[in-house]
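What the coordinates show
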Amino acid sequence: MFNLPASMGLTDILSLAIAAILVNNYILVQFLGCCSFFGVSKKTDTALGMGMAVIFVMAIASAASWAVQYFILEPLGLGYMQTIAFILVIATLVQFVEMFMKKAMPSLYSALGIFLPLITTNCAVLGAAKTNISNSYSFIGSLVYGVAAGVGYTLAIVLFASIRERLDATSKCPKCFEGFPISLVAAALLAMSFMGFSGLSIW
Amino acid sequence: MDMQNVIYAVAVLFIMGIVFAILLGVAAKVFAVEVDERVPLVRECLPGANCGGCGFPGCDGLAAAIVEGRAPVNGCPVGGAAAAEKIAKVLGVEVAAGDRQVAHVYCNGGCNAKDKANYEGLQDCNAAMRVASGPKACSFGCMGLGSCVKACAFDAIHIVDGVAKVDTDKCVACGKCVSTCPKKIINLVSEVKKVHVNCVNKDKGPEVMKVCSNGCIGCKMCEKTCKFDAIHVVDGVAKIDYDKCKNCKMCTKVCPKGCIEPVPTEEEKAKFKEMQAKQAAAAKAKAEAAKQAAEAKAAEDK
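Residues numbered from 1 in each chain as written. Chains lettered and ligands numbered in written order. Predicted model: local features only at pLDDT ≥ 70, side-chain atom pairs only at ≥ 80, totals over all residues. Heavy atoms only, no water.

1. Some thoughts on the overall build of chain A
- Counting its regular elements, chain A contains nine helices and zero strands.
- Mapped in sequence order, the helices and strands of chain A form the string α-α-α-α-α-α-α-α-α.
- A total of 203 residues make up chain A; the buried ones form 46% of that total.
- Sequence-distant contacts, at least 24 apart, represent 80% of the contacts inside chain A between residues at least 6 apart.
- Of the accessible surface of chain A, which amounts to about 9,700 Å², a share of 70% is contributed by carbon and sulfur atoms. (Helix = DSSP H or I, 4+ residues; strand = E, 2+ residues; numbered from the N terminus. Buried < 20%, exposed > 50% of the residue type's maximum accessible area, 1.4 Å probe, protein only. Contact = heavy atoms within 4.5 Å. Areas by Shrake-Rupley, 256 points an atom, 1.4 Å probe, with all protein chains shown as cover.)

Put into structure tokens, the structure is as follows:
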């Protein structure tokens, strides 16, 4: 009854993970999820927390959206409803994570503040969910891809936050560049350096 | 067939929505966090301007801090005593009556301070400051371009005769003007303190006279007159020790430049001079009497 994608080998999954973290980094190469990337990157601690939240949400969202796609939408011939259904799934997940965090990790909850709800509309999460389907990854593959995309996000945001911390603390940049402009310049340079990974071929 | 697709689509989303709603509802119960019910009550007593004058991130931040005891009940400078009283009622504690603070501008130059240049740039103190420290010849005083006026959310500071002046009735001591002023001549002081030296020019007397007819020249007349040791010339400018000042206003009357607030009228000054003369005469007479007495005593001893 269900038309599931073919299962993937270990090497496939490994190369998938490395590609998602470095080569196709969500923020610095695909430019998805830039809102929170700039919003929460003032302090390394909060950036790390945000990254963890994104990894968590992306992993669960990948799994849940995979299940929704292959067990609900495809059998009913509703593949075109993918986007709406995934938004519904992700929004619910983020709400759930928010409640859970408020109870279990109140300090992280208050540090993330407005940005936790913003994961709901974070295009990177939806992007990961849709990429899983369009590349017809297996369930394990989707899960790994979701985690790896989140790790890529965390890597980018933590790197960027440490650069920004250093910038704020020590640099004497011209007044007209202070704050956001210099951050954008720094982000551009970081993105350029990630372009170096595009030549990386695995197996 | 087409109709069936539509029904399927609607039904699937509907069912998914309901399932998720139930899940979230259950999660909300399971992961419910007990919020101190006093926080929203305290929050209601606060003005809600979110000005940050208290040092916490907005009114919500202060409300949480007050309930947790990290901030005093009268922590809100805007709401003042009225808000403090309401919050105290919510929390069931006594409120310590604090002095109301107001901002004060330590400059009375304005039209009396000479210009060294005609500034036609952006009408903003911080912008003007970058052009050779502003258009006034006095590098310490108010430029009168009104950055503080723009910073004030409560319409409590205005440019009057070329110098910023605080409306003490409207001022809530949020400190926005204090941090905005590039000359750093605005400070928060207790409202009950009425005597202020409205000049911060640290230059020597003749230099001050060249740039402003109202500037403190460091003549120390006020220092000599004060009976409470509350005013001293430090770094060429008189400074009041607010802990010692008793608002007697003697210093204002002897100041040759009229730069100590409240500036006395000519009548008051004349009256004060008369009184001083009388006092001096009385002192002289007393000294003379004492001298005579001593002489008489000496004569008696002989």
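2. Thoughts on the overall build of chain B
- Of the regular secondary structure elements, chain B holds eleven helices and eight strands.
- In chain B, buried positions account for 36% of the 302 residues.
- Counting contacts in chain B only where the partners sit at least 6 residues apart, residues at least 24 apart contribute 57% of the total.
- Of the roughly 17,900 Å² of accessible surface on chain B, 57% is carried by carbon and sulfur atoms.

3. So, the packing of helix 2 (residues 38-45) of chain B against helix 4 (residues 80-91) of chain B
All names here are of chain B.
- Put simply, helix 2 and helix 4 touch, their axes get as near as 9 Å, and they point 160° apart. With respect to their mutual orientation, helix 2 and helix 4 come out roughly antiparallel. Taken as a pair, helix 2 and helix 4 cross one another with a handedness that is right-handed. On helix 4, the residues touching Arg38, Leu41, Val42 and Cys45 of helix 2 are Ala83, Lys86, Ile87, Val90 and Leu91.
- Class assignment for the residues of the contact of helix 2 with helix 4 results in seven nonpolar, no polar and two charged. (Axes fitted to C-alpha atoms, helices over the stretch in contact; angles between N-to-C directions. Parallel < 35°, antiparallel > 145°, perpendicular 65-115°, else oblique. Left-handed = near helix turned anticlockwise from the far one by under 90°. Nonpolar A, V, L, I, M, F, W, Y, C, P; charged D, E, K, R; others polar.)

4. So, the packing of aromatic side chains
Residue and element names in this part refer to chain A.
- Counted under the stated rule, the structure contains twelve aromatic pairs over all chains.
- Ring geometry for Tyr137 and Tyr145: centres 5.4 Å apart, planes at 45°, overall tilted. Note on accessibility: Tyr137 and Tyr145 belong to one class, buried.
- An angle of 65° between the planes, with centres 5.3 Å apart, marks the rings of Phe194 and Phe197 as edge-to-face.
- By relative accessible area, which is 28% here, Phe197 ends up partly exposed.
- Here the aromatic cluster, defined as three or more aromatic residues joined through ring pairs, consists of Phe37, Phe38, Phe160 and Phe180.
- The lysine or arginine in question, Arg164, covers the ring of Phe180, its NZ or CZ lying 5.6 Å from the ring centre. (Phe/Tyr/Trp six-rings, centres within 6.5 Å; stacked < 30°, edge-to-face > 60°. Lys NZ or Arg CZ within 6 Å of the ring centre and 35° of its normal.)

5. As for the interface of chain A and chain B
- Across the contact, 19 residues belong to chain A and 15 residues belong to chain B.
- For the pairing of chain A and chain B, the buried interface totals around 1,600 Å² over both sides, and the portion due to carbon and sulfur atoms is 85%.
- On the chain A side of the contact with chain B, Leu88, Met99 and Lys103 of chain A bury the most area, a combined 29% of that side's loss.
- The interface formed by chain A and chain B holds zero salt bridges in total.
- Per element, the largest residue contribution to the side of chain A that touches chain B is eleven residues, and it comes from helix 4 (residues 82-104) of chain A.
- Split into classes, the residues belonging to the side of chain A that touches chain B amount to 14 nonpolar, two polar and three charged. (Buried area = accessible area lost by both parts, 1.4 Å probe. Salt bridge = Lys/Arg side-chain N within 4 Å of Asp/Glu carboxyl O.)

6. Describing helix 1 (residues 10-23) of chain A
- Look at helix 1 of chain A: 19 Å from first C-alpha to last across 14 residues, which is about the 20 Å you get at 1.5 Å a residue.
- Packing partners of the buried residues in helix 1 of chain A comprise helix 8 (139-170) and helix 9 (180-194) of chain A. (Expected span 1.5 Å × (residues − 1).)

7. Topic: unusual backbone geometry
Residues and elements named next belong to chain B.
- In the segment running from Glu261 into Pro262, the intervening peptide bond is cis, with an omega of -5°.
- As for its position among the elements, Pro262 is in the loop between strand 8 (260-261) and helix 11 (266-301).
- In this structure, Lys220 is a non-glycine residue whose phi angle is positive, near 70°.
- Within the fold, Lys220 resides in the loop between helix 8 (205-211) and helix 9 (221-225).
- Even without glycine at this site, Lys249 takes up a positive phi of about 65°.
- Along the chain, the position of Lys249 falls in the loop between strand 7 (237-240) and helix 10 (250-254).

8. A short note on helix 4 of chain A
- End to end, helix 4 of chain A covers 32 Å across 23 residues, agreeing with the expected 33 Å (1.5 Å per residue, within 8%).
- Those residues of helix 4 of chain A that fall on the buried side of the exposure criterion are Gln82, Ala85, Phe86, Val89, Ile90, Thr92, Leu93, Val94, Val97, Glu98, Met99 and Met101 of chain A.

Honestly, that's just the spatial picture; any functional story needs more than this.
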